[in-house]
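The residues making up each chain are set out below.
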Amino acid sequence: SYMLADMVQDQVDMIIPTAGFMPEGTLPHLQGIKNKTMRFMVYHGAKDNLVPLSMADACVNQLESAGFSTHYCVDENAGHRLGASCIDHLKSIAK
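Cut-offs applied
Residues numbered from 1 in each chain as written. Predicted model: local features only at pLDDT ≥ 70, side-chain atom pairs only at ≥ 80, totals over all residues. Heavy atoms only, no water. Helix = DSSP H or I, 4+ residues; strand = E, 2+ residues; numbered from the N terminus. Rg over C-alpha atoms; globule rule 2.2 N^0.38 Å. Buried < 20%, exposed > 50% of the residue type's maximum accessible area, 1.4 Å probe, protein only. Lys, Arg positive; Asp, Glu negative; His and termini not counted. Salt bridge = Lys/Arg side-chain N within 4 Å of Asp/Glu carboxyl O. Polar contact = N/O pair within 3.5 Å; in protein donor to acceptor, adjacent residues only side chain to side chain. Contact = heavy atoms within 4.5 Å. Pairing = 2+ DSSP bridges. Axes fitted to C-alpha atoms, helices over the stretch in contact; angles between N-to-C directions. Disulfide = S-S within 2.5 Å.

Trainee: Sorry, what's going on with the overall build of the protein here?
Mentor: Counting secondary structure elements, the protein contains four helices and three strands. The order of α-helices and β-strands along the protein, N terminus first, is α-β-α-β-α-β-α. For the protein, whose C-alpha radius of gyration is 13 Å, the value lies close to the compact-globule estimate of 12 Å for 95 residues. For the protein, the spread of C-alpha atoms along the principal axes amounts to about 35 × 30 × 20 Å. Burial statistics for the protein: of 95 residues in total, 41% are counted as buried.

Trainee: Would you mind going over the side chain of Asp48 with me for this structure?
Mentor: Mapped onto the fold, Asp48 is located in the loop between strand S2 (39-45) and helix H3 (53-65). Here Asp48 sits buried without a salt bridge, and the closest side chain of opposite charge, Arg81, lies 9.9 Å off (N-O distance). A polar atom in the side chain of Asp48 sits 3.0 Å from the backbone nitrogen of Val51. Each residue touching Asp48, except ones within four places of it in the same chain, is listed here: Ala78, Gly79 and His80.

Trainee: Would you explain the sheet that holds S2 in this entry?
Mentor: Sheet strands pair by backbone hydrogen bonding; their relative direction is either parallel or antiparallel. Strand order in the open sheet made by the three strands is S1-S2-S3, with parallel pairing throughout. Each of the sheet's edge strands pairs with one partner strand only, and the pair in question is strand S1 (14-15) and strand S3 (69-75). Sheet analysis places S1 next to S2, joined by two bridges and oriented parallel. Across the sheet, the residue bridging to Ile15 is Phe40, located in S2. Lying on the sheet, helix H4 (residues 84-93) is in contact with S1, S2 and S3; it crosses S3 at an angle near 155°.

Trainee: Please clarify how the state of the cysteines should be interpreted in this entry.
Mentor: Put plainly, a disulfide is one covalent bond tying together the sulfur atoms of two cysteines. According to the stated counting rule, one finds one disulfide in the structure shown. Looking at the unpaired Cys59, the closest cysteine sulfur is the one in Cys86, lying at 13 Å. Among the residues examined, Cys59 registers a relative accessible area of 1% and is labelled buried.

Trainee: Any chance you could explain the side chain of Arg39 here in plain terms?
Mentor: Relative to the assigned elements, Arg39 resides in strand S2. Relative accessible area serves as the criterion here: at 18%, Arg39 is assigned to the buried category. A distance of 3.0 Å separates a polar atom in the side chain of Arg39 from the backbone oxygen of Ile93. Dropping the residues within four chain positions of it, Arg39 is found in contact with Asp13, Met14, Ile15, Ser69, His71 and Ile93.

Here you go:
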């Protein structure tokens, strides 16, 4: 989704990466995005046993350091999936 953000930056205003994970080498693609009004919604399940929560924290920090607005939702009851509280959060900001 990060590389897609670079390709479609004039067509979308929000990107929602899955499981709060940013692959290594992504930051240069983000720095090439000129549309700094693009928002990122990062969600993560606190009970995720595949991707540690620390990776989602790092993802948000990298996005914010690159100048992007981020919405970060950690669902305390979710594992490696989008939980109900983050769906509600997404609905509230995707207007």
